[in-house]
Every structure is written in structure tokens, then in C-alpha cells.
Amino acid sequence: MISCMKQFNGLVTIFLFLLLSDGVRCFSQEDEEAKTIRSFPIATIEKLGRELFERDGMAAQSFDLLFEAYPDAKEKNLRGWVTELGEATSKVYMLKAKEEDFRLAYVVVFEKNKKPRVEAHLDEPLPEEIAKRFSARVAAIGALPGFYDRPYNFEVLDDPDGEGYVVYSLVASRKAHEMVVGGHSRISLAADAKTVKSVDALSNSLLILDKREGQGQGQDAVGSIVSHVVSDTPVETHVFLSLMHRQSLFVVTSDGAIWNVEEGKVTKTEMNAKDQPDKPDEESPEPDPAAEDSRNAKEKE
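Numbers given to residues run from 1 along each chain, matching the order in which its sequence is written. Local features in this predicted model are restricted to residues of pLDDT 70 or higher, and side-chain atom pairs are both shown and tallied only at a pLDDT of 80 or more, whereas totals for entire chains, interfaces and linings draw on every residue. With hydrogens and water stripped out, all remaining heavy atoms of the structure feed into the side-chain values.

A word on the side chain of S224
Here is the rule: Numbered from the N terminus, helices here are DSSP runs of H or I no shorter than four residues, and strands are runs of E no shorter than two. Polar contact is the term for a pair of N or O atoms within 3.5 Å; when the atoms are in protein, one must be able to donate a hydrogen and the other to accept it, and sequence-neighboring residues count only if both atoms are side-chain atoms.
Secondary-structure assignment places S224 in strand β12 (residues 221–228). Within the local environment of S224, its side chain forms a polar contact with the side chain of Q247, the two groups lying 3.2 Å apart.

Here's what the structure looks like:
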């Protein structure tokens, strides 16, 4: 189940209830049994989601800066990147393949209160920590059971529970109106950056929302509603997506709980999609047959 939400004369709560009260019946016992992914506290989910957004955004900006400064960089056999966050200085290391090894190609430097700069480091060896993080990236890619026919981005973060890494496999889109909600994965690795501890699919399937469907009649989409069955709470990619698309995400878990993901924060609302009335209130608007057909056709994440 997935939908866009519009500001409707201030009656967002009523709109949410009308939409979700029917769609919650799509959850099944199979969905309940599917919740086996590694879980984190809400504060950790928020932190990881915000960091993921920062790293991914920095990498995207780096490629624009790189090709502007070095138009011939597209011919350098680039094979990925590693982001490094710091309090005063952050960097994106662009890597190239050389025979059976990987070497530096370029480094994009982001210094606080300064204009980003691109440095050429062609064929230089990788710094030790960058080499280790890239090793984690390679191991994570190798651990994935398969890929969708879509572009992917990979980001390496420190494991929030101690030593080790978590690598995010993010299904991407080159279209601004597409929000890729499902299809992402999280791979946890040990401190050696080679031993895979777990591979977590953060959704049941690939799911792409066309944000244009939530617009019309002079109203702008202010949020989206998605169902989520692989955990009891939203996950870090929900935080990431909300920040990337500058929209609220209302995430409905299989227990009927409705969570609001907005501006890097995850909040459990007082609403529950399973709390359905025996019959509609007399003052409730009559159901729209077209809207009913749309609800019945919605896919579930």
C-alpha cells in the first residue's frame, strides 16, 4: 500500500484515517513472520538515516564538481567512492581500477565555510581506513542475493553497536519525481571489513512512488504513506528518503501503528490503522469510487 498525501483543508488526520482504515487488511501472517531484520532504537535509526542522507548527498555533489573540474574523468575507469565525514573537513574519495587493484583517482574536499575543491590523486594508494571501508563495500556487494535492474549507490557507515561497518545498498533513480521506497538493503560486517554478519532486506520488494500522483488541483504533496512489514518500526532509509525528498513519510507497520518520519525524526502517532469504526460517521464524506479502486490497486512495500 502506498499513496501520496495532500493538504486537504487542514483535515490531514481524517484523510489518513480514510485511506488507512481499508488498506491495513493487506497485512498477513506471512508478513508477521518476515520480521527478522536487525533492529535499532529509534534514536539510532534517526542518526543513521541522517548520516546516510549526508553521505549520499555529498557523493552526488562530488560527481558534479568532479566532471566540471575534470571533464576527462569519465575516461578514468572510476569504480566507486568512499565518503569520509569529519567535524571540520569531509571528503569523497573517488577510486579507479588498475589491473586487479584499486587506486585513488580524485578526492573532493568539503571544508567548513569554504568552497568545495577537487584534487587529482591519480594512481596513488588508498589511505588505510579508506581501503578498509572500500573492502567492506566490496564484501557487501558480494553478499547481496541479487539486484534489481536499476542504478545503485552504496554507502559505508560505522556500525552503531561497536566495531565493524554497516553498508547500505540503495536503489537509486535519475528521475526527480520518483521516490524509491522499497528495494534497499543493509549489510552488517565485522571489524575486518570482510566478514559478513547479516544481510537485511529493508523491504519485501522493489517499490517506486511517483510523487506526481499526489499533486493536482493546485495542491502540493506534503507527504507519502507507505506500509512496512519487515520490522515493527520505520527503518533508516525512511529517514533518508524523507530528508532527500523533503516530504513527510507516514509509515504503517503490520501492527497498525502509524509513524511520522519528518525532518530526520521518527515519531509514533496516536493513530492506529486497525482501529476501524463499525460504520462510517454520518458526517464523513461519501467514498469516491475512483479513490476506492486506487486503494485496492496499491502495492504493498
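Anyway, onward from the coordinates.
Let's talk about the packing of aromatic side chains
What counts here: Classification of ring pairs rests on two measures: the distance between centres of Phe, Tyr or Trp rings, Trp counted by its six-membered ring, which must be within 6.5 Å, and the angle between planes, read as stacked under 30 degrees, edge-to-face over 60 and tilted in between. Remark: exposure states derive from per-residue accessible area (1.4 Å probe, protein chains only) relative to the maximum for the residue type, with buried under 20%, exposed over 50%, and partly exposed in between.
For the coordinates displayed, the defined rule picks out 6 aromatic pairs. Seen in terms of ring centroids, F63 and W81 are 5.4 Å apart; in terms of plane orientation they differ by 80°. Their pairing is edge-to-face. Remark: W81 occurs in strand β2 (residues 78–84) and F63 occurs in helix α3 (residues 42–69); sequence separation between them is 18 residues. Judged by relative accessible area, F63 falls into the partly exposed class, the value being 22%. Here Y70 and Y106 contribute two aromatic rings whose centre-to-centre distance is 5.1 Å and whose plane-to-plane angle is 40°, an arrangement assigned as tilted. Taken as a pair, Y70 in the loop between α3 and β2 and Y106 in strand β4 (residues 101–111) lie far apart in primary sequence, 36 residues in all. Under the relative-accessibility criterion, Y70 is labelled partly exposed at 27%. Each residue in the set F63, F67 and W81 is aromatic and connected to the rest through ring pairs, giving one cluster.

Section: the pairing of strand β6 (residues 152–158)
If a strand is regular, its side chains alternate between the two faces of the sheet. The line we're drawing: The rule for pairing is simple: two strands pair if DSSP sees at least two bridges between them.
Taken across its 7 residues, β6 has 5 buried, putting it largely inside the fold. Where β6 meets strand β7 (residues 165–171), 7 bridges bridge the pair, whose relative direction is antiparallel. Each bridged residue has a counterpart across the sheet, and for V156 the counterpart in β7 is V167.

Describing the pattern of salt bridges
Inclusion rule: For salt bridges, the criterion is a side-chain nitrogen of Lys or Arg within 4 Å of an Asp or Glu carboxyl oxygen.
Evaluated as defined, the whole model comprises 15 salt bridges. A salt bridge links K47 to E51; the shortest N-O distance between them is 3.8 Å. Here K47 pairs with E51, and both are found in helix α3, just 4 residues apart, close to one helical turn. Assessed through its relative accessible area of 51%, K47 is described here as exposed. R133 is the partner of D158 in a salt bridge, and the nearest nitrogen-oxygen pair spans 2.8 Å. Highlighted residues: D158 in strand β6 and R133 in helix α4 (residues 128–143), separated in sequence by 25 residues. For D158, a relative accessible area of 44% gives the class partly exposed. Classification of R133 by relative accessible area gives buried; the value is 6%.

Let's talk about the sheet that holds β6
Selection criterion: The convention used is that axes are lines fitted to C-alpha atoms, helices contributing only their stretch in contact, and that angles between N-to-C directions extend from 0 to 180 degrees. Residues are treated as being in contact if the distance between any of their heavy atoms lies within 4.5 Å.
If you trace the 4 strands from one edge of the open sheet to the other, you get β6-β7-β9-β10, paired in antiparallel fashion. Taken across any chain shown, the strands that pair with only one partner, and hence form the sheet edges, are β6 and β10 (196–201). The mean inter-strand angle of the sheet, taken between neighbouring strand axes irrespective of direction, is 15°. Docked against the sheet, α3 engages β6 and β7, running at close to 125° with respect to β6.

Digging into unusual backbone geometry
In this model, N77 sits at a positive phi of 60°, which is unusual for a non-glycine residue. Its location among the elements puts N77 in the loop between α3 and β2. At A193, a position not held by glycine, the phi torsion is positive, near 65°. With respect to the helices and strands, A193 occurs in the loop between β9 (185–189) and β10.

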